[in-house]
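Coordinate inspection notes
Next come the chains, spelled out residue by residue.
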Amino acid sequence: MRKRVLSVLAVVVTIVAVVFGGAFAFQRKLIYLPSGGPLPGAAEIMPGGRDVTLVTADDLRLAAWYFPVDPPGATVLVAPGNAGNRHLRVPLARALTGRGLSVLLLDYRGYGGNPGDPTEDGLALDVRAAREFLVRDAGVPPERLLYFGESLGAAVVAELATEHPPAGLVLRSPFTDLASVGARHYPFLPVRLLLLDTFPTAEHVSRVDAPVTVVYGTSDSIVPPEQSRAVATAAGARTVEVTGADHNDRVLLDGPELIEAVTDLARP
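Report on the accompanying structure. All values reported here derive from a predicted model rather than from experimental measurement.

Thresholds applied
- Residues numbered from 1 in each chain as written.
- Predicted model: local features only at pLDDT ≥ 70, side-chain atom pairs only at ≥ 80, totals over all residues.
- Heavy atoms only, no water.
- Helix = DSSP H or I, 4+ residues; strand = E, 2+ residues; numbered from the N terminus.
- Rg over C-alpha atoms; globule rule 2.2 N^0.38 Å.
- Buried < 20%, exposed > 50% of the residue type's maximum accessible area, 1.4 Å probe, protein only.
- Pairing = 2+ DSSP bridges.
- Axes fitted to C-alpha atoms, helices over the stretch in contact; angles between N-to-C directions.
- Phe/Tyr/Trp six-rings, centres within 6.5 Å; stacked < 30°, edge-to-face > 60°.
- Lys NZ or Arg CZ within 6 Å of the ring centre and 35° of its normal.
- Salt bridge = Lys/Arg side-chain N within 4 Å of Asp/Glu carboxyl O.
- Parallel < 35°, antiparallel > 145°, perpendicular 65-115°, else oblique.
- Left-handed = near helix turned anticlockwise from the far one by under 90°.
- Contact = heavy atoms within 4.5 Å.
- Polar contact = N/O pair within 3.5 Å; in protein donor to acceptor, adjacent residues only side chain to side chain.
- Arc of directions from axis to C-beta.
- Patch = residues over 30% accessible without salt bridge, like charges linked within 9 Å, V, L, I, M, F, W, Y side chains within 5 Å.
- Areas by Shrake-Rupley, 256 points an atom, 1.4 Å probe, with all protein chains shown as cover.
- Right-handed = clockwise from strand over helix to strand, strands pointing away.

Along its length, the chain carries 12 helices and 10 strands. A compact globule built from 268 residues should have a C-alpha radius of gyration of about 18 Å, and the chain, at 20 Å, falls within 12% of that. Once the C-alpha set of the chain is aligned to its principal axes, its extents read approximately 80 × 35 × 30 Å. Put simply, the chain has 268 residues, and 51% of those count as buried.

Shown next, in the form of structure tokens:
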């Protein structure tokens, strides 16, 4: 009997080790869900659009789209979420340029046909390259630069803002940290122990010296609304609650509440 119990225990331990080991080894395949290329040129998307190259500190060359508006007003650096590529954010760019705001749509490393593999540290370099392009090459005054972060991108721009404060920061559907949202979807895993990338959004925004607006849907099935509210509390932020909206609903891409939240911060 004892031998049988030990055999069963050994099988259970092996299964657990395989599951945990697999989750650890392939976790970035679960976190980052890029779509590749090729993509059309920016001018095909909108008249006056420019294909630009962002050069990172680790020498990656990342393709992005820049949609400048004349006369120049505020500029919005858009940091996307964990899935797709910049083409999915075109409705957002159209809506914002229609309100007189210039827009940079970036794709992280590994997204939209860009080289490299996404990691937390890598995305931090990517968004810094985007900011450097806007300030140095496009001549955007830092006091007229807004950051917009979508879900995972909210964590990316929140971290950027701790070093380079913007004129304003809009966080759409932010989570408090990656482990908290991961534990919601994988309750059977010790997510906090396994994660290589942590994205502590709430911690970052608590150190940001800039106006912050948090936009979220009340029916978000991916990032619990209470996490977005907790991020807002940590930032001392204004909140915009979109009733009945789920995480990927169109209203949270270019809906009126979202666009108004950005344009409100863009006003001098």
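The mixed open sheet is built from eight strands, whose spatial order is E2-E3-E6-E4-E7-E8-E9-E10. A single partner strand is all that each edge strand has here, and the edge strands are strand E2 (50-55) and strand E10 (238-242). Averaged over neighbouring strand pairs, the angle between their axes works out to 20° when direction is ignored. In this sheet, strand E7 (residues 145-150) lies alongside strand E4 (residues 75-79) in parallel orientation, the contact comprising five bridges.

This part is about the packing of aromatic side chains. Taken as a whole and assessed by the stated rule, the structure comprises four aromatic pairs. One Lys or Arg, Arg86, reaches over the ring of Trp65 and ends 4.5 Å from the middle of that ring.

Here we take up the pattern of salt bridges. One pass over the full model with this rule turns up 16 salt bridges. Two residues, Arg136 and Glu132, come together in a salt bridge whose shortest N-O distance is 2.9 Å. Taken as a pair, Arg136 and Glu132 lie in helix H5 (residues 120-137) at a separation of four residues, close to a single helical turn. Between Glu260 and Arg267 there is a salt bridge, with the nearest N and O atoms lying 3.2 Å from each other. A residue is classified by how much of its surface remains accessible, and Arg267, at 47% relative accessible area, is partly exposed. The structure contains a network of salt bridges with shared partners spanning Arg99, Arg238, Glu260, Asp264 and Arg267.

This part covers the packing of helix H4 (residues 90-97) against helix H12 (residues 256-266). At a minimum axis distance of 10 Å, the contact between H4 and H12 shows a crossing angle of 55°. The angle between the axes of H4 and H12 places the two elements in the oblique class. For H4 against H12, the interelement crossing comes out right-handed. Side by side, H4 and H12 meet where Leu92, Ala95 and Leu96 of the first sit next to Leu258, Ile259 and Val262 of the second.

Examined against the element boundaries, Thr201 turns out to sit in helix H9 (residues 201-205). A polar contact is formed between the side chain of Thr201 and the backbone oxygen of Phe175, at a distance of 2.9 Å. Apart from residues no more than four positions distant in its own chain, Thr201 is found in contact with Ala154, Ala155, Ala158, Pro174, Phe175, Thr176, Asp177 and Val231.

Taken together, the buried positions of helix H10 (residues 225-235) are occupied by Pro225, Gln227, Ser228, Val231, Ala232 and Ala235. An end-on view of H10 places all buried positions within 165° of arc, on one side of the element.

Attention shifts here to the environment of Ala230. Relative to the assigned elements, Ala230 resides in helix H10. What makes Ala230 partly exposed here is its relative accessible area of 34%. Separated by 28 residues in the primary sequence, Ala230 and Ala202 place their C-alpha atoms 7.3 Å from one another.

Let's shift gears to a nonpolar patch on the surface. A grouping of Leu30, Tyr186 and Phe188 is seen on the molecular surface, where their side chains present a nonpolar patch of about 320 Å² in accessible area. Note on placement: Tyr186 falls in the loop between helix H7 (178-185) and helix H8 (191-194). Using a relative accessible area of 35% as the deciding quantity, one classes Tyr186 as partly exposed.

The subject of this paragraph is the pairing of E10. Looking at chain direction, strand E9 (residues 212-217) and E10 are connected through five bridges and run parallel. Along E10, the bridge assignment pairs Gly217 with Val242. Considered for its hand, the β-α-β crossover made up of E9, H10 and E10 is right-handed.

This part is about the pairing of E4. Along any regular strand, the residues point their side chains to alternate faces of the sheet. A large share of E4 lies buried, amounting to five of its five residues. Because side chains alternate across E4, one face comprises the buried residues Thr75, Leu77 and Ala79, and the other comprises Val76 and Val78, equally buried. Both E4 and strand E6 (residues 102-106) contribute to a ladder of four bridges, which runs parallel. Looking at the pairing, Thr75 lines up with Ser102 of E6.

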